[in-house]
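Letter by letter, the chains look like this.
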Amino acid sequence: MKFKYIVETFEKIEVTSSRIQIVATLSALFKKVIEENKEIIDKVVYFVQGRLWPDWYGYPEIGIGEKGIIKAIALAANVREREVEELLKSLGDLGLVAERLIAKKSSRPSGLLSFTQTQSKDLTFEEVYETLKRIAFLQGEGSRDLKIKKLAGLLKRASPKEAKYIVRFVEGKLRLGVGDASIIEAIASILGVPKEIVERAYNLRADLGNIAKIAFTQGPEALKAIRPQPGIPVRPMLAERLHDPVEILKKVGGKGLAEYKYDGERAQIHLTKEGKVIIYSRRLENITHSYPDVVKYAKENLKAEEAIVEGEIVAVDPNTGELRPFQELMHRRRKHDVHIAMKEYPVHVRLFDAILVNGEDLTNKPLLERRERLISILNQTDEFRLATGEIVDTVEELERLFHQAIADGCEGLVVKAIHKGSIYQAGARGWLWIKYKRDYKSEMIEPVDLVVVGAFYGRGRRGGTFGALLMAGYDEDKDAFMTVCKVGSGFTDEDLAELPDLLKEYIIPNKHPRVVSEIKPDVWIQPALVAEIIGAEITLSPIHTCAIDKVEKGTGLAIRFPRFIKWRPDKGPQDATTCKELLEMYKRQLRRTVE
Ligand code: ATP
């Protein structure tokens, strides 16, 4: 198909802001493609979207920057690079620069000769696409020059207008303002089906080119029959947000599954029949390469022939298994050497949904059925397991779990409908999932001194020694030690090595009578040792006893993401920060969260 048809379409779209007009123009283009060569419709769709293929293919980008494009234009128009740069300064758009210079060249007498020679055949879309694809795949030494030469070759053969759009495309600045919704409408109008049918197909297979191809080569029935397919990302279901637990419960029908809202990175994990594992992000990028450990966990623990499941990748403290702040996960994404990053920032996966299992599309099944299927194919381990959640039908239960989630390092809860209609709404933000995050948070700005009242055996590197300590504040009224956190971070290797010796003389067989704790550590410790601790926040907690019932009935205070700073041998247990002081700190620092 002649490339000029694409260019004409782009020109028409560029001068209109009317959606109806855009859809009509796109429909006309697609019809022409169908008449001439149906097989390329997918590529035309991608091209209109300003890309050569969906991002999640993970293919290389065209990879020519502004400097390279300037060089290519100079070569094609037979001018100096300086001239291109000067013109860019005045026009501000490399596409317009290319158009102007190619036009000038073709009007020059000598240029006329070469223009008419090379223009003897119109550029086809197929040629443009294939050339750009080849450019993208040129990699390695010397590839930059080759890329530029090939682009120059293409521009030489292009008309001025064609050159304008090729340059904008290569720059990634096509900016036609054509959204997926307009492409979907155009496809639906040609097929003569409601747009919801195309939309649903696209939500289940996030590849609009592929959807168009199925639509026009196999017809509407094939489109209706589309199922998620391992290897092609499914557009994720998203949550609405509410602040009031009463309203949340009402919205989900009085009863729902309240799950921890982990603060990590969403992962859609695909297991293909060939045994390959692919991970897609919330934005459907292929992030498999960042998480070789997740690939391993999925291969070992997903007991299915093929599957698409969803979960959250979270950073964990390797020694205690406790969740770490989101920022640590981002370090991991930024690190170049994945294998080093994997050791420094280990991750776990908490799974919360199953979209497809062994060829069966589960998107129309209610949540609890999907969850059952997920459990049935899951070999649960510490690293790779189901998200924590409970079915709740009272505000009290919801609140308790909410505080527990926060204290455990989560952002809050996602409360999910479990009634018959609780399907997986791919690509939609709806009321079947409601996120419940904090409206207030109390940042911790100064350290506190806490008493060791228990200890937990370590894992991983800390196997054979202690990995975390149960810490308490002092309650003057009760003359007792009330737990406020479990600290496993901040210890140096020396601190850890010394722990068994340090604790030895204080280990007691049962809980000390002056300790009030809902948590049972591996060993109980007589209150004697004081340590300085800092955390990210002070939060409400249903499992810690510090300042219990003071803010809310049944809840105490906890320190979120606590870190050990140093021992305070100069302090006795009664000199520790009191629960009253912790309560004051909590209240003093309470601030509305942004959002
Ligand atoms: P946010 O910034 O609040 O995460 P978002 O726009 O990325 O918002 P939402 O759909 O609004 O996404 O919120 C749900 C997000 O929470 C999911 O995309 C997922 O990454 C994360 N999440 C964590 N735990 C769960 C869970 N148990 N169920 C569903 N989503 C969860």
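Residues numbered from 1 in each chain as written. Predicted model: local features only at pLDDT ≥ 70, side-chain atom pairs only at ≥ 80, totals over all residues. Heavy atoms only, no water.

Description of the overall build of the protein chain
Basically, it comes down to this: The secondary structure listing takes helices from DSSP runs of H or I that are at least 4 residues long and strands from runs of E that are at least 2 residues long, numbered from the N terminus. The rule is simple: take the accessible area with a 1.4 Å probe, protein chains only, and divide by the maximum for that residue type; under 20% is buried, over 50% is exposed, in between is partly exposed. The contact criterion used is simple: two residues touch if any of their non-hydrogen atoms lie within 4.5 Å. Under the counting rule used here, the positive set is Lys and Arg, the negative set is Asp and Glu, and His together with the chain ends is not counted. Think of each charge as sitting on NZ of Lys, CZ of Arg, CG of Asp or CD of Glu.
Each helix and strand counted, the protein chain has 22 helices and 23 strands in total. In terms of principal-axis extent, the alpha carbons of the protein chain reach across some 100 × 55 × 45 Å. Counting over 595 residues, the protein chain shows a buried share of 55%. Within the protein chain, counting contacts between residues at least 6 apart in sequence, those at least 24 apart form 72% of the total. On the protein chain, the mean spot of the 93 positive side-chain charges and the mean spot of the 88 negative ones are 6 Å from each other.

Some details on a negative patch on the surface
Under the convention used in this document: Excluding any residue in a salt bridge, patches collect residues exceeding 30% relative accessible area, merging like charges within 9 Å and nonpolar Val, Leu, Ile, Met, Phe, Trp and Tyr side chains within 5 Å. Here the Shrake-Rupley method, with its probe set to 1.4 Å, supplies the accessible areas, and only the displayed protein chains count as covering residues. The rule for a salt bridge is simple: a side-chain nitrogen of Lys or Arg has to be within 4 Å of a carboxyl oxygen of Asp or Glu.
Together, Glu476, Asp477, Glu581 and Glu584 make up a region of like negative charge exposed at the surface. Turning to its location among the elements, Glu476 is positioned in the loop between strand E14 (466-475) and strand E15 (480-487). Glu476 sits in the partly exposed class, given a relative accessible area of 48%.

Digging into the sheet that holds strand E2 (residues 256-261)
Rules: Here the rule is simple: two strands pair whenever DSSP picks up at least two bridges between them. Lines fitted to C-alpha atoms define the axes here, with helix axes fitted over just the stretch in contact, and angles between the N-to-C directions of these axes take values from 0 to 180 degrees.
Taken in spatial order, the five strands of this open sheet run E1-E11-E10-E2-E9, and their pairing is mixed. Sheet topology places strand E1 (238-241) and strand E9 (389-392) at the edges, where each strand pairs with a single neighbour. If you compare each strand with its neighbour and ignore which way they point, the axes differ by 35° on average. Pairing analysis gives six bridges linking E2 to strand E10 (residues 412-417), with the strands arranged antiparallel. Considered in E10, the bridge of Ala258 is made with Val415. Along the sheet, helix H19 (residues 367-376) makes contact with E2, E9 and E10, crossing E2 at roughly 55°. Docked against the sheet, helix H20 (residues 395-407) engages E2, E9, E10 and strand E11 (429-437), running at close to 135° with respect to E10.

Considerations on the sheet that holds strand E21 (residues 556-560)
Taken in spatial order, the four strands line up as E21-E20-E12-E23 in an open sheet, and their pairing is antiparallel. Edge strands, defined here as strands with exactly one partner in the open sheet, are E21 and strand E23 (590-592). Ignoring strand direction, the axes of neighbouring strands in this sheet form an average angle of 45°. One ladder, built from three bridges, connects strand E12 (residues 440-443) with E23; its direction is antiparallel. Residue pairing for E23: Ser442 is matched across the bridge by Leu590. Across the sheet, H20 is in contact with strand E20 (537-541) and E21; its angle to E20 comes to roughly 150°.

Digging into the UniProt feature "active site" (unreviewed entry) in the protein chain
Operational definition: UniProt positions are given in the numbering used here, feature names are shortened, and annotations may be inferred rather than shown by experiment. Under this definition, polar contacts are N or O atom pairs within 3.5 Å; protein pairs additionally need one hydrogen-donor-capable and one acceptor-capable atom, and for neighbouring residues in sequence, both atoms have to be side-chain atoms.
According to UniProt, the "active site" (unreviewed entry) feature falls on Lys261. Relative accessible area serves as the criterion here: at 17%, Lys261 is assigned to the buried category. Polar side-chain contacts of Lys261 include one of 2.6 Å to the side chain of Glu411.

Remarks on the side chain of Thr483
Following the sequence through the fold, Thr483 ends up in strand E15. The exposure class of Thr483 is buried, given its relative accessible area of 0%. At 2.9 Å, the side chain of Thr483 forms a polar contact with the side chain of His544. The residues touching Thr483, leaving out its near neighbours within four places in the chain, are Val453, Leu470, Met471, Ala472, Val516, Ser517, Ile543, His544, Thr545, Cys546 and Leu557.

Section: unusual backbone geometry
Positive phi values are uncommon outside glycine, yet Asn358 reaches one of about 45°. Looking at where Asn358 falls in the secondary structure, it is placed in the loop between strand E6 (347-357) and strand E7 (360-361). The class for Asn358 is partly exposed, based on a relative accessible area of 42%. Of note, the phi angle at Asp549 is positive, near 70°, even though the residue is not glycine. Tracing the backbone through its elements, the reader meets Asp549 in the loop between E20 and E21.

Describing the environment of Gly467
Mapped onto the elements of the fold, Gly467 is located in strand E14. For Gly467 and Phe491, which are 24 residues apart along the polypeptide, the C-alpha to C-alpha distance reads 9.3 Å. Not counting residues within four places of it along the chain, the set of residues in contact with Gly467 comprises Thr320, Phe456, Tyr457, Gly458, Arg462, Val487 and Gly488.

Describing the environment of Glu83
Positionally, Glu83 belongs in helix H5 (residues 81-91). Between the alpha carbons of Glu83 and Ala304 there is a distance of 61 Å; along the sequence they are 221 residues apart. Not counting the four nearest positions on each side in its chain, Glu83 is found in contact with Leu101 and Lys104.

Description of the pairing of E15
Residues in a regular strand point their side chains to alternate faces of the sheet. Within E15, seven of the eight residues are buried, which leaves it mostly tucked inside the rest of the structure. For E14 and E15, the ladder comprises seven bridges, and the chain directions are antiparallel. In the strand pairing of E15, Tyr474 is matched with Phe481. In this structure, the hairpin formed by E14 and E15 is closed by a connection of four residues, where Asp479 is found at a positive phi of approximately 50°. As paired elements, E15 and strand E17 (residues 515-516) share two bridges and run parallel to each other. Bridging across to E17, Phe481 finds its partner in Val515.

Description of the side chain of Gln49
Among the secondary structure elements, Gln49 is positioned in the loop between helix H3 (41-48) and helix H4 (66-77). Looking at Gln49, the relative accessible area reads 18%, which means it is buried. A polar atom in the side chain of Gln49 sits 3.1 Å from the side chain of Asp180. If we skip the residues at most four places from it in the chain, Gln49 touches Asp180, Ile183 and Leu208.

What to know about the packing of aromatic side chains
As a reminder, the rule being used: Each pair of aromatic rings taken from Phe, Tyr and Trp, with Trp reduced to its six-membered ring, is defined by centres within 6.5 Å and is described as stacked if the planes are under 30 degrees apart, edge-to-face if over 60, and tilted in the remaining cases. A positively charged side chain is recorded as over a ring if its NZ (Lys) or CZ (Arg) lies within 6 Å of the ring centre. The angle to the ring normal must also be within 35 degrees.
Enumeration over the complete set of coordinates arrives at 20 aromatic pairs. Here Phe564 and Trp567 contribute two aromatic rings whose centre-to-centre distance is 5.1 Å and whose plane-to-plane angle is 65°, an arrangement assigned as edge-to-face. Comparing Phe564 with Trp567, the two get one shared label, buried. By the ring-pair criterion, three or more aromatic residues cluster together here, those being Phe3, Phe10, Phe47, Phe125, Tyr129, Tyr165 and Phe169. Above the face of the Trp433 ring, Lys416 is positioned so that its terminal group lies 4.1 Å from the ring centre. Between the NZ or CZ atom of Arg592 and the centre of the ring of Tyr440, over which it lies, the distance is 5.3 Å.

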